[in-house]
Amino acid sequence: MPSPRCPARPWPCLHLVPGSVRVLFIVGLDDAVAVLTERPGRLLEGLRAAADLLSFHGLERDEDRLDELLPWAGAV
């Protein structure tokens, strides 16, 4: 069974599924999907947790790889 995915977009996505017993927060990142549940009375806490998840995304590398900095490292 294929894993659920958000539509192909250049940004993360959040789907909110309201309910009387539970509220679902479906958070889609680059290649991963996470589901959070919360009681309706704690909607803001669930939204805060979903927003925290949305702050994660693919790795961004600002620094050079070690083998580029030290070409001799593999021969030691």
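Just above sits the structure.
Our subject in this report is the structure included herewith. The residue count restarts for each chain, going from 1 along the sequence in the order it is written. With the structure being a predicted model, the display of local features is reserved for residues of pLDDT at least 70 and the display and counting of side-chain atom pairs for 80 or more, all residues being used for whole-chain, interface and lining totals. Excluding hydrogens and water, the side-chain figures rest on all heavy atoms present in the structure.

1. Considering the overall build of the protein chain
Line of reasoning, step 1. Tallying secondary structure elements over the protein chain gives two helices and three strands in all.
Line of reasoning, step 2. For every residue, the accessible area obtained with a 1.4 Å probe (protein chains only) is divided by the maximum for its type, and the residue is called buried under 20%, exposed over 50%, and partly exposed between those limits. In the protein chain, which comprises 76 residues, the share counted as buried stands at 12%.
Line of reasoning, step 3. Any two residues having at least one pair of non-hydrogen atoms within 4.5 Å are treated as being in contact. Across the protein chain, the fraction of contacts at a sequence separation of at least 24, relative to all contacts at a separation of at least 6, is 24%.
Line of reasoning, step 4. Where accessible areas are quoted, they stem from the Shrake-Rupley method and a 1.4 Å probe; at the residue level, only the protein chains shown are allowed to cover. Accessible surface for the protein chain amounts to roughly 6,400 Å². Of this, 59% is attributable to carbon and sulfur atoms. Starting at the N terminus, helices and strands are each numbered in turn, a helix being any DSSP run of H or I of at least four residues and a strand any DSSP run of E of at least two.

2. Some points on the sheet that holds strand E2 (residues 23-28)
The strands making up a sheet associate through backbone hydrogen bonding, with each pair oriented either parallel or antiparallel.
Line of reasoning, step 1. Spatial ordering of the open sheet is given by E1-E2-E3, a layout of three strands whose pairing is antiparallel. Edge strands, defined here as strands with exactly one partner in the open sheet, are strand E1 (13-17) and strand E3 (33-38). Adjacent strand axes in the sheet meet at a mean angle of 15° when their direction is disregarded.
Line of reasoning, step 2. Sheet topology note: the E2/E3 ladder contains six bridges and is antiparallel. Paired with isoleucine 26 across the two strands is valine 35, which belongs to E3.
Line of reasoning, step 3. Seen against the sheet, helix H1 (residues 43-54) touches E1, E2 and E3 and runs at an angle of roughly 10° to E2. At least two DSSP bridges between two strands are needed for those strands to be called paired. Structural elements are reduced to axes, namely lines fitted to C-alpha atoms, with helices fitted over the stretch in contact, and the angle between N-to-C directions of any two is expressed from 0 to 180 degrees.

3. Examining the pairing of E1
Line of reasoning, step 1. With five bridges connecting them, E1 and E2 associate as antiparallel partners. Residue pairing in the sheet places leucine 14 in a bridge with valine 27 of E2.
Line of reasoning, step 2. Linking two consecutive strands that pair antiparallel, namely E1 and E2, is a turn of five residues.

4. Details of the pattern of salt bridges
Line of reasoning, step 1. Only one rule defines a salt bridge in this text: a Lys or Arg side-chain nitrogen within 4 Å of an Asp or Glu carboxyl oxygen. Applying the stated criterion across every chain, the model contains one salt bridge.
Line of reasoning, step 2. We note a salt bridge from glutamate 38 to arginine 42, for which the minimum N-O separation is 3.1 Å.
Line of reasoning, step 3. With relative accessibility at 36%, the residue arginine 42 sits in the partly exposed group.

5. A look at the environment of glycine 19
Line of reasoning, step 1. By the secondary structure assignment, glycine 19 is in the loop between E1 and E2.
Line of reasoning, step 2. With 20 residues separating them along the chain, glycine 19 and arginine 39 place their C-alpha atoms 8.7 Å apart.

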